[in-house]
Amino acid sequence: MPLQAAGVRRLQKDLKEVTSDPPPFICAKPDGDDLANWYYLIEGPPDSLYAGGMYLGRVTFPDNYPFAPPGIFMITPNGRFQVDTRLCLSISDYHPETWSPMWGAGTILTGVLSFMLETAGTVGSINTTDAQKKKFAKDSHAFNLSNKIFLRLFEEKHAKAEELAGSSASAKVLKAKAPKAKAAKGGRKRGRPDSDED
């Protein structure tokens, strides 16, 4: 169902706030004109096991937001959360009984990072070693540079991701950005049409 009018107004307000005053280590934006579907990017705090990493995720807002909580997902492998799985957090749709309509997108995103830095288990969390988390941080850039959502929505982060990933990932992103080969006149088309599907 589409967002109700109250949800549209609230998310427009939330977007203005997180754009002008983003939470530490986090940037977020809706998927084009779809206010109910946001993507966020967490940069691992320097004093954490996730330092140097970038972690792409998604927040899906219900039609009756802000009176109900959103679904929260992680996309980039990270060693803390399962990917493409609804996360059970006190600020997510797993716990509508603890939700407060006073919480906005900035509070939600801050909560995701806060829980990421903890070690408590929950639905959607995984157990990995410190060394594995650090490797996930290092590998996060190559993953993101192959992800079409990251390439489309977070263009301002491409240069940093390429620098941290190294030359092999730079070649990968340049290949991803390259235009499709056009068929010769009267010939068959080559390649597949672009898609946002990962």
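Basis of the calculations
- All residue numbers here refer to positions counted from 1 along the written sequence of the relevant chain.
- Whole-chain, interface and lining totals are the exception, using all residues; otherwise, since this is a predicted model, local features are given only for residues with pLDDT of at least 70 and side-chain atom pairs are given and counted only at 80 or more.
- Hydrogens and waters are ignored; side-chain quantities use all the structure's heavy atoms.
- Secondary structure elements are taken from DSSP: a helix is a run of H or I of four residues or more, a strand is a run of E of two residues or more, and numbering for both begins at the N terminus.
- Contacts between residues were defined by any pair of non-hydrogen atoms, one from each residue, lying within 4.5 Å.
- For cavity detection a 1 Å grid was placed over the protein atoms alone, and a set of points counts as a cavity when a 1.4 Å probe fits there but cannot get out; an open set counts as a pocket when protein lies on both sides within 12 Å along at least five of seven lines, with lining residues being those that have an atom within 4 Å of a point.
- Grid points are joined across faces, edges and corners, and a volume is the space filled by probe spheres set on the points.
- Residues are sorted three ways: Asp, Glu, Lys and Arg are charged, Ala, Val, Leu, Ile, Met, Phe, Trp, Tyr, Cys and Pro are nonpolar, and all the rest, Gly among them, are polar.
- In this text, buried Ala, Val, Leu, Ile, Met, Phe, Trp, Tyr and Cys residues form a nonpolar core when linked through side-chain atoms within 4.5 Å.
- For every residue, the accessible area obtained with a 1.4 Å probe (protein chains only) is divided by the maximum for its type, and the residue is called buried under 20%, exposed over 50%, and partly exposed between those limits.
- Take the number of residues in a helix, subtract one, and multiply by 1.5 Å to get its expected span.
- Arc, as used here, means the arc of the directions from the helix axis to the C-beta atoms.
- For Phe, Tyr and Trp, where Trp contributes only its six-membered ring, two rings pair if their centres lie within 6.5 Å, and the inter-plane angle classes them as stacked under 30 degrees, edge-to-face over 60, or tilted in between.

Draft legend 1. Looking closely at the environment of Ala-105. Considering the arrangement of structural elements, one finds Ala-105 in helix 2 (residues 105–116). Sequence spacing of Ala-105 and Trp-38 is 67 residues, and the spatial spacing of their C-alpha atoms is 9.4 Å. Beyond its immediate stretch of four places on either side in the chain, Ala-105 contacts Asp-14, Val-18, Trp-38, Phe-61 and Tyr-65.

Draft legend 2. Region of the structure containing the layout of surface pockets. If you add up the space inside the second largest pocket, you get close to 170 Å³. Of the residues assigned to the lining of the second largest pocket, the class counts are 5 nonpolar, 5 polar and 4 charged.

Draft legend 3. Focus on the nonpolar core. Residues Trp-38, Tyr-40, Ile-42, Phe-61 and Ile-72 are the most contacted members of the largest nonpolar core, which totals 30 residues. Looking at this core, the elements that each hand over two or more residues are helix 1 (5–20), strand 1 (26–31), strand 2 (34–43), strand 3 (54–60), strand 4 (71–74) and helix 2. Take this core: its biggest share by element is 7 residues, from helix 2. Not counting residues up to four positions away in its chain, the partners in contact with Ile-42 are Phe-25, Ile-26, Gly-53, Met-54, Tyr-55, Val-112, Leu-113 and Met-116. Core analysis: the next-biggest nonpolar cluster, separate from the first, contains 13 residues, Cys-27, Leu-145, Phe-150 and Leu-153 among them.

Draft legend 4. Focus on empty space enclosed by the protein. Under the defined criterion, the tally for this structure stands at 1 cavity of 30 Å³ or more. Taken as a whole, the largest cavity holds about 40 Å³ of empty space. In this structure, the largest cavity is lined by Ala-28, Trp-38, Tyr-39, Tyr-40, Val-59, Phe-61, Ala-105, Ile-108 and Leu-109. Of all the secondary structure elements, the ones that give two or more residues to the lining of the largest cavity are strand 2 and helix 2. Tallied by class, the residues present in the lining of the largest cavity amount to 9 nonpolar, no polar and no charged.

Draft legend 5. Examining helix 1 more closely. A rise of 1.5 Å per residue sets the reference length of helix 1, with its 16 residues, at 22 Å; its end C-alpha atoms lie 23 Å apart and thus fit the reference within 8%. Where helix 1 is concerned, the buried positions are Gly-7, Arg-10, Leu-11, Asp-14 and Val-18. Taken down its axis, helix 1 places every buried residue within 100 degrees of arc, on the same side. Exposed side chains of helix 1 directed beyond 90 degrees from the buried face belong to Arg-9, Lys-16, Thr-19 and Ser-20. Looking at the buried side of helix 1, the elements it contacts are strand 1, strand 2 and helix 2.

Draft legend 6. Layout of unusual backbone geometry. Here the amide bond leading from Tyr-65 into Pro-66 is cis, since omega sits at 10 degrees, within 30 degrees of zero. One non-glycine residue with positive phi stands out, namely Phe-25, at about 70 degrees. Relative to the helices and strands, Phe-25 resides in the loop between helix 1 and strand 1. Note on Phe-25: relative accessible area 40%, which makes it partly exposed. At Asp-84, a position not held by glycine, the phi torsion is positive, near 55 degrees. Looking at the secondary structure, you find Asp-84 in the loop between strand 4 and helix 2.

Draft legend 7. Seen up close, the packing of aromatic side chains. Applying the stated rule across the entire model yields 7 aromatic pairs. Ring centres of Phe-81 and Phe-115 lie 6.2 Å apart, and the angle between their planes is 15 degrees; on these two criteria the pair is classed as stacked. Of this pair, Phe-81 sits in the loop between strand 4 and helix 2 while Phe-115 sits in helix 2; the two residues are 34 residues apart in sequence, bridging distant segments of the chain. Judged by its relative accessible area of 1%, Phe-81 falls in the buried class.

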